[in-house]
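# Chain and residue survey
Each chain is listed here by its residues.
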Amino acid sequence: MRDFRVYSKDCDFDYAKLLEYGFMEKDATLLYQEYIMDKHFKVLVKMSEESKTSLVIDVTTDCEYILVDVKKQGEYVGKVNEAYESAKWCKKTN
């Protein structure tokens, strides 16, 4: 699971826009799901006052794909990471 306070320090989250992008509000938490890499992976995002996290799920195994956060990556993992980093809910400020 990725904690945005650690990995996405340069992201500016516009909560009004998040609802426009398809986030759903439930119990003071914003939830979002997006498929990446031709639907081979699913990104789940959860944002609340207490935490801002996301994770990548391998659709084939229905398990968290933790390789996306490995520093030294091969070509395929790098492509998954690039798709994850370019997801539409995160607007880079730098």
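Before reading further, recall that the structure is shown in the block above.
Conventions and cut-offs
- Residues numbered from 1 in each chain as written.
- Predicted model: local features only at pLDDT ≥ 70, side-chain atom pairs only at ≥ 80, totals over all residues.
- Heavy atoms only, no water.
- Phe/Tyr/Trp six-rings, centres within 6.5 Å; stacked < 30°, edge-to-face > 60°.
- Helix = DSSP H or I, 4+ residues; strand = E, 2+ residues; numbered from the N terminus.
- Buried < 20%, exposed > 50% of the residue type's maximum accessible area, 1.4 Å probe, protein only.
- Core = buried A, V, L, I, M, F, W, Y, C linked by side-chain atoms within 4.5 Å.
- Contact = heavy atoms within 4.5 Å.
- Polar contact = N/O pair within 3.5 Å; in protein donor to acceptor, adjacent residues only side chain to side chain.

### Describing the packing of aromatic side chains
As enumerated under the stated definition, the model contains 3 aromatic pairs in all. On the numbers, 6.3 Å between centres and 45° between planes, the contact of F41 with Y76 is tilted. Residue F41 is located in strand β5 (residues 41-47), and its partner Y76 is located in helix α3 (residues 75-85); the two are separated by 35 residues in the primary sequence. Of the residues examined, F41 reaches a relative accessible area of 2% and is grouped as buried. Owing to a relative accessible area of 45%, Y76 belongs among the partly exposed residues under this scheme. An aromatic cluster is built from F41, Y65 and Y76, whose rings are joined through pairwise contacts.

### Some remarks on unusual backbone geometry
Phi is positive for D27, close to 50°, though the residue is something other than glycine. Summarising the element assignment, D27 is placed in the loop between β3 (24-26) and β4 (29-36). Judged by its relative accessible area of 70%, D27 is exposed. Residue D62 is not a glycine yet carries a positive backbone phi of 60°. Within the element layout of this structure, D62 appears in the loop between β6 (52-58) and β7 (63-64).

### Some points on the nonpolar core
Core analysis: the largest hydrophobic core is formed by 17 residues, its most contacted members being V56 and Y65. Elements supplying a minimum of two residues to this core: β4, β5 and α3. Beyond its immediate sequence surroundings of up to four residues, Y65 is in contact with F41, V56, I57, D58, Y76, V77 and V80.

### Considering the side chain of S48
As for its placement among the helices and strands, S48 is situated in the loop between β5 and β6. A polar contact is formed between the side chain of S48 and the side chain of E50, at a distance of 3.3 Å. Not counting the four nearest positions on each side in its chain, S48 is found in contact with A28 and T29.

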